[in-house]
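# A structural walkthrough
Listed here are the chains, written in short residue letters.
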Amino acid sequence: MSATSDRPPSTTSEVAAPREDHSVLGALRSPSRLRTEVLAGLVVALALIPEAISFSIIAGVDPRVGLFAAFTMAVSISFLGGRPAMISAATGAIALVVAPVVREHGLDYLIATVLLGGAIQVLFAVLGVAKLMRFIPRSVMVGFVNALAILIFTAQLPYLIDVPFLVYPMVAAGIAIMVFLPRLTSVVPAPLVAIVVLTAFTLIAALALPDVGDEGELPDSLPTLLIPDVPFTLETLQIIAPYALALAVVGLLESLLTAKLVDDVTDTQSPKTREAWGQGASNIITGFFGGMGGCAMIGQTMINVKASGARTRISTFLAGVFLLVLVVGLGDIVSIIPMAALVAVMVMVAVGTFDWHSIAPSTLRRMPKSETTVMISTVAVVVATHNLAIGVGVGVLVAMTLFARRVAHLASVDREVVPGEAGESRAVYTVSGELFFASSNDLYTQFEYADDPDRIVIDLSASHVWDASTVAALDSIVTKYGRKGKTVQIVGLNTASASIHDRLSGQLSAH
């Protein structure tokens, strides 16, 4: 369900005020909105259980560590986070980061890593790292979304390979329910109906199918406060610091990109700095309750926002509460839910997440090749490494490289020989365009040093000097002319260009 009203008016603050139907008070005043939020939280909680167990296995810890992380992250971020309706819990990316710590040093070092990682995220928020999101190009975002859709789908393949044949019609039935039910009614989220119907059918028909209970043992007690039993020494810091930094970077990147995606889906804005420190604080809370850490989950967020229509913090909070109630109080019932039902939900999430318009032939024909290259690079690296941070980093690097290559050719140099008094002519070079490391490298070669008269004027009124590379190139030009006994005058510098040129000119070489 997508928002249908216009974007909120812009304000001078970081974000506009939340719309009435996106606020907690608005949902509490509307029975229909509250019902949507409650049912969405229940659907997300059901989908979180097998995911959290699977990520625990990846990290090499007991399933309760992942489940408790999912509970504490969801509940704490519902209060502390900046993006309403976004789901944070234990994730595969975080599990991959912390797995070596568990394998080599044990659970207590994992908890210490999560605590330090959360503290680093809070520090990043204070330093304003979230504002760097503006430098991630749209093509990288599209690649990020498409890669996530592919990863969500491929994560379901283990539940579709070497399984009883009845799993396939069950998955197909679940997909059919989620496709056709919304055309009849939207009173109850289609994913929840699919889970209930398939579970009931499995029980009535006494089918022997893989279920949630096969994924691991569910906890039977509440999480308790835990202080990691590690020595508070420099050696411990040296062990956990690299993993904590990786956890902080990966977690923030996934969370901020997911928040940006939800902004687009819901047609609203959210404070990214608050989301950054909220993620850090939530990880600290999770660590103290023995959780493995986490960040925003794109799949469960899309279930919450797109499939179920949730818009407020209520759904996020209830997802965590329902998760704890289900695994601790109703574990016997939850364990009999067939995995086919949850696989069907995640397949639909993957299909709904993928940006199909981005790969339509008409779009590819109109889109610049550089944009398509960036998108494909991001998708390929994320899918190959299963690491969103690496994929997005490569995508941004490719985008920067292609941009620099493109604008490097936008600078031009025009030469004109102007006659002067008493037969003294001068060569006037008019430089146009932006001058930085990529475009200024060729600047040195565009002057006719031997054929020019004794006086040369370089007019930069139609250009801008951005960096030391350009100043060094201008110095080289002046030096080469000087060796031939010719004088160079640089004119037309704007204030900013004159400032950097005056400060650096003559200071960039050893002699």
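To start, this report covers the structure provided alongside it. (Residues numbered from 1 in each chain as written. Predicted model: local features only at pLDDT ≥ 70, side-chain atom pairs only at ≥ 80, totals over all residues. Heavy atoms only, no water.)

### Quick word on the side chain of Ser-308
Formally: Here a strand is any run of E in DSSP of at least two residues, a helix any run of H or I of at least four, and the numbering for each starts at the N terminus. Only heavy atoms matter for contacts: two residues are in contact if any of them lie within 4.5 Å across the pair.
Looking at where Ser-308 falls in the secondary structure, it is placed in the loop between helix H11 (298-307) and helix H12 (313-329). Those residues in contact with Ser-308, other than ones at most four positions away along the chain, are Thr-36, Ala-40, Val-43, Pro-189 and Ile-303.

### A word on the nonpolar core
Formally: For the purposes of this section, nonpolar cores are sets of buried Ala, Val, Leu, Ile, Met, Phe, Trp, Tyr and Cys residues that join through side-chain atoms within 4.5 Å. For the exposure calls, accessible area comes from a 1.4 Å probe over protein chains only, and a residue counts as buried if that area is under 20% of its type's maximum, exposed if over 50%, partly exposed in between.
Counting 108 residues, the largest nonpolar core has Ile-49, Ile-136, Met-292 and Leu-323 as the members making the most contacts within it. A total of 12 residues in this core trace back to one element, the largest contributor, which is helix H2 (residues 31-59).

### Concerning the side chain of Thr-202
Residue position: Thr-202 is located in helix H8 (residues 190-204). The class of Thr-202 is buried, set by a relative accessible area of 8%. Not counting residues up to four positions away in its chain, the partners in contact with Thr-202 are Met-170, Leu-207, Leu-209 and Pro-338.

### Quick word on a nonpolar patch on the surface
Here is the rule: The patches reported here contain residues having more than 30% relative accessible area and no salt bridge. Joining distances are 9 Å for like charges and 5 Å for nonpolar side chains (Val, Leu, Ile, Met, Phe, Trp, Tyr). Using the Shrake-Rupley algorithm and a 1.4 Å probe, accessible areas are obtained, with residue cover drawn only from the displayed protein chains. Any carboxyl oxygen of Asp or Glu within 4 Å of a side-chain nitrogen of Lys or Arg constitutes a salt bridge here.
Side chains of Leu-123, Leu-127, Val-129, Leu-132 and Phe-135 sit close together on the surface and give an oily, nonpolar patch of about 500 Å² of accessible area. Within the fold, Leu-132 resides in the loop between helix H5 (107-126) and helix H6 (138-154).

### Here we look at the pattern of salt bridges
Within this structure, the stated rule accounts for six salt bridges. The salt bridge involving Asp-62 is made with Arg-64; its shortest N-O contact spans 3.4 Å. Residue Arg-83 is joined to Asp-263 by a salt bridge in which the shortest nitrogen-to-oxygen separation is 2.6 Å. Remark: Asp-263 occurs in helix H9 (residues 234-266) and Arg-83 occurs in the loop between helix H3 (63-80) and strand E1 (88-89); sequence separation between them is 180 residues. The exposure class assigned to Asp-263 is buried, which follows from its relative accessible area of 7%.

### Some words on the pairing of strand E5 (residues 455-465)
Filter applied, for reference: At least two bridges found by DSSP between two strands is the condition for calling them paired. The definition of a right-handed crossover adopted here requires that, viewed with the strands pointing away, the path from the first strand over the helix to the second runs clockwise.
Most of E5 is tucked away: eight of the 11 residues are buried. Here nine bridges tie strand E4 (residues 426-435) to E5, and the two strands are oriented parallel to one another. Bridging from a neighbouring strand, Ala-427 pairs with Ile-456 of E5. With five bridges connecting them, E5 and strand E6 (residues 487-491) associate as parallel partners. Looking at E6, one finds that Val-457 is bridged to Gln-489. Chirality of the crossover, the property in question, places the unit of E5, helix H19 (residues 468-483) and E6 among those that are right-handed.

### What to know about the environment of Ala-85
Counting through the fold element by element, Ala-85 comes out in the loop between H3 and E1. Taking relative accessible area as the criterion, Ala-85 reaches 1% and is therefore assigned buried. For the pair Ala-85 and Ile-314, spaced 229 residues apart in sequence, the C-alpha separation works out to 7.5 Å. The residues contacting Ala-85, other than those within four sequence positions of it, are Thr-301, Asn-304, Val-305, Ala-310, Arg-311, Thr-312, Arg-313, Ser-315 and Thr-316.

### Some points on the packing of aromatic side chains
Heads up, the condition is: Whether two aromatic rings pair depends on their centres lying within 6.5 Å, for rings of Phe, Tyr and Trp, where Trp uses its six-membered ring; planes under 30 degrees apart make the pair stacked, over 60 edge-to-face, and the rest tilted. Remark: a charge is flagged as sitting over a ring if the NZ atom of Lys or the CZ atom of Arg is within 6 Å of the ring centre and within 35 degrees of the ring normal.
This model, assessed by the stated rule, comprises eight aromatic pairs. Relative to Tyr-449, the ring of Phe-447 lies with its centre 6.3 Å away and its plane at 40 degrees, an arrangement referred to as tilted. Each member of the pair, Phe-447 as well as Tyr-449, is classed as buried. Joined through ring pairs, the aromatic side chains of Tyr-429, Phe-447, Tyr-449 and Tyr-481 make up one cluster. Its guanidinium or amino end placed over the ring of Tyr-449, Lys-480 lies 4.5 Å from that ring's centre, counting from NZ or CZ.

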